[in-house]
Amino acid sequence: MNTSGPAVQGLRLIPFRGLRYVPERVGSLAAVTSPPYDVVVRPDGLHHLESADPYNIVRLILPQADTAAARHQQAAQTLKRWLAEGVLAPDSEPALYVYEQRNAEILQRGVVGALALSAPADGIVLPHEDVMAHVVEDRADLMRTTAAHLEPLLLTYRSDDDGPGATSVIERTTDRPPLLATTTEDGYRHRLWAVTDPADRAEIETDLARHQALIADGHHRWATYLRLQQEHSAPGPWDFGLVLLVDTARYPLRVRAIHRLLHRLPVADALAALDGLFRIRDLDGPLPRALDALAEAAAEGNAFLLAGDGGFHLIDRPDPGLLSRTIPTGRPVAWQTLDATVLHSALLDHIWRIPDAPEHIAYIHDTAAAVEQAERHGATAVLMHPVREEVVRDLARQGVTMPRKSTSFGPKPATGLVLRSLDLG
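Residues numbered from 1 in each chain as written. Predicted model: local features only at pLDDT ≥ 70, side-chain atom pairs only at ≥ 80, totals over all residues. Heavy atoms only, no water.

The helix and strand tally for the protein chain stands at 15 helices and 21 strands. Taking 2.2 N^0.38 as the reference for a compact globule, 425 residues should give roughly 22 Å; the C-alpha atoms of the protein chain span a radius of gyration of 22 Å, in line with that estimate. A principal-axis box enclosing the C-alpha atoms of the protein chain has dimensions of 65 × 50 × 45 Å. A sequence separation of at least 24 residues applies to 79% of the contacts in the protein chain between residues at least 6 apart. Working note: accessible area of the protein chain is about 17,700 Å², and carbon and sulfur atoms make up 50% of it. Side chains of the protein chain give 42 positive and 55 negative charges; the mean places of these two sets differ by 2 Å. (Helix = DSSP H or I, 4+ residues; strand = E, 2+ residues; numbered from the N terminus. Rg over C-alpha atoms; globule rule 2.2 N^0.38 Å. Contact = heavy atoms within 4.5 Å. Areas by Shrake-Rupley, 256 points an atom, 1.4 Å probe, with all protein chains shown as cover. Lys, Arg positive; Asp, Glu negative; His and termini not counted. Charge placed at Lys NZ, Arg CZ, Asp CG, Glu CD.)

Bringing helix α7 (residues 198–208) into the picture now. Among all positions in α7, only Glu203, Ile204, Asp207 and Leu208 are buried. Down the axis of α7, the buried side of the element spans an arc of 120°, and every buried residue falls inside it. Among the exposed residues of α7, those oriented more than 90 degrees off its buried face are Pro198, Ala199 and Thr206. Two or three places before Ala199, at the opening of α7, Asp197 has a side-chain oxygen 3.0 Å from that residue's backbone nitrogen. (Buried < 20%, exposed > 50% of the residue type's maximum accessible area, 1.4 Å probe, protein only. Arc of directions from axis to C-beta. Polar contact = N/O pair within 3.5 Å; in protein donor to acceptor, adjacent residues only side chain to side chain.)

Let us now look at empty space enclosed by the protein. If you walk through the whole model with that rule in mind, you get five cavities of 30 Å³ or more. Within this model, the largest cavity holds a volume of roughly 140 Å³. Around the largest cavity sit 15 residues that line it, and Asp38, Glu129, Asp217, Gly218 and Lys405 are the ones nearest its centre. For the lining of the largest cavity, the secondary-structure elements that each account for two or more residues are β11 (213–217) and α8 (219–231). Among the elements that take part in the lining of the largest cavity, α8 stands out by supplying three residues, more than any other. Of the residues contributing to the lining of the largest cavity, the split by class is three nonpolar, five polar and seven charged. A volume near 70 Å³ is recorded for the second largest cavity. (1 Å grid on protein atoms, 1.4 Å probe; cavity = no way out; pocket = protein on both sides within 12 Å on 5 of 7 lines; lining within 4 Å. Points joined across faces, edges and corners; volume = space filled by probe spheres on them. Nonpolar A, V, L, I, M, F, W, Y, C, P; charged D, E, K, R; others polar.)

Moving on: the sheet that holds strand β18 (residues 361–364). Reading across the sheet, the six strands line up as β15-β17-β16-β19-β14-β18 and stay open at both edges, with antiparallel pairing between neighbours. Looking at strand neighbours, the two that pair on one side only are β15 (279–283) and β18, the edges of this open sheet. Strand after strand, the sheet turns through a mean of 25° between neighbouring axes, direction not considered. Pairing analysis gives four bridges linking strand β14 (residues 259–262) to β18, with the strands arranged antiparallel. Among the inter-strand pairings, Leu261 is bridged to a residue of β18, identified as Ala362. The strands touched by helix α13 (residues 339–351) are β14, β16 (303–307), β17 (312–316), β18 and β19 (380–383); relative to β16, the strand with the most contacts, the crossing angle is about 60°. Set on the sheet, helix α14 (residues 367–377) makes contact with β14, β16, β17, β18 and β19; between it and β19 the angle comes to about 160°. (Pairing = 2+ DSSP bridges. Axes fitted to C-alpha atoms, helices over the stretch in contact; angles between N-to-C directions.)

Summed over the entire model, instances satisfying the criterion amount to four aromatic pairs. Between Tyr21 and Trp82, the ring centres sit 6.2 Å apart and the planes meet at 50°, which makes this aromatic pair tilted. Of this pair, Tyr21 sits in strand β2 (residues 18–21) while Trp82 sits in helix α4 (residues 68–85), and the two are 61 residues apart along the sequence. For Tyr21, a relative accessible area of 3% corresponds to the buried category. Arg139 extends its terminal NZ or CZ atom over the ring of Tyr37, reaching a point 4.1 Å from the ring centre. For Arg331, the ring lying beneath its charged end belongs to Trp335, and the centroid distance is 4.5 Å. (Phe/Tyr/Trp six-rings, centres within 6.5 Å; stacked < 30°, edge-to-face > 60°. Lys NZ or Arg CZ within 6 Å of the ring centre and 35° of its normal.)

Examined against the element boundaries, Thr248 turns out to sit in the loop between β12 (240–247) and β13 (254–256). For Thr248, a relative accessible area of 3% gives the class buried. Contact partners of Thr248, with chain neighbours within four places excluded, come to Thr156, Tyr157, Arg158, Leu253, Glu389 and Arg393.

Averaged over all residues, the pLDDT of the protein chain is 91; the fraction at 70 or higher stands at 96%. Note that residues 1–8 has pLDDT below 50 and, in this model, 18 contacts with residues that lie over four places away or in other chains. (pLDDT = per-residue confidence, 0-100.)

All right, on to the pattern of salt bridges then. Considering all chains together, one arrives at 19 salt bridges under this definition. A salt bridge links Glu85 to Arg81, with the shortest nitrogen-to-oxygen separation between them at 3.9 Å. With Glu85 and Arg81 both in helix α4, this residue pair falls four residues apart, about one helical turn. Residue Glu85 is classed as partly exposed on the basis of its relative accessible area, which comes to 33%. We classify Arg81 as partly exposed; its relative accessible area is 42%. A salt bridge links Asp141 to Arg144; the shortest N-O distance between them is 3.3 Å. (Salt bridge = Lys/Arg side-chain N within 4 Å of Asp/Glu carboxyl O.)

Structural data, given as structure tokens:
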């Protein structure tokens, strides 16, 4: 995403001394990494990661204890112990980091650094989703207690030429041997390089100062950064947040949906409440075929796939009167017609009357996992179709946020390859 007007202050990215695992102290780098905290499918994925290696990063980002305060204290103590034992160690000098992810289909490269924080009204870093207060509070207490940024946010920007700049430095840097290289069990190969040359860093920083960024993944952590900045009035390390910036003009991201798991709503009850308000069609499996039918219906209007009773139920063509009664006005048509808007305003709030609280709704990225958990617990999985990236960007430019957990951009950076300690400045 470009900024063009000279009055707009762009992105300010500075180097930091990254905390990284010492390879000799862990089984493997792949075994200590994790997806971002909100992608881990709990409890199955959590237990899998915990058993992969005693030093897996999940013990810091999703610590286990009876209370929130105990969890966060445990994470802080674990981080302190790992530093004392030499499991994690800071790099010898500040750096920006070039990060690469690739598999057989995708190559993504970007730069990791500490980004100066700014309010949404400044138009420098643009959110596109609302956040949940209890998640921000939890992440804030974890960051506050550990004094660390444990995983980078994923931000995107769009360059406008092939001349000197961040992407040029990235391409040159990847010709050198990396600091680390590992392949995670999802098939992605990860490589990381340190950029310490002052000329290269200046080229990156000068280029990024001409751009604004879209938050692709990490709205809650960005809101957490801003909250903690307000708590520390004196200028310092809390004025910056750990991010990965990707130029999507060069490396386009994928946009996927985030699904809803309605813990206390059986599928039969969900469907009964929709009678006369949506068209309902029962589909044969398997899941990929049902998702193809969802994609076809979504091309014509709002559509959702319900699962959890062993079958699949496509609901689409909502009653216009229902939409006129339940969808808030005063926002762009592109927002009013989002599937997430219709789901939350018409279905969750009006028809099913389900509070948007953790005991009622879980947000799950993996489609098969959402279906499996719904079937296991007699719940309803609401499977969504992804939003196009252009819609996300256009709404963000207008300052309009989408309902929370509307999109999932990827691939997401692996957690555990580089951390930022606030105690190191």
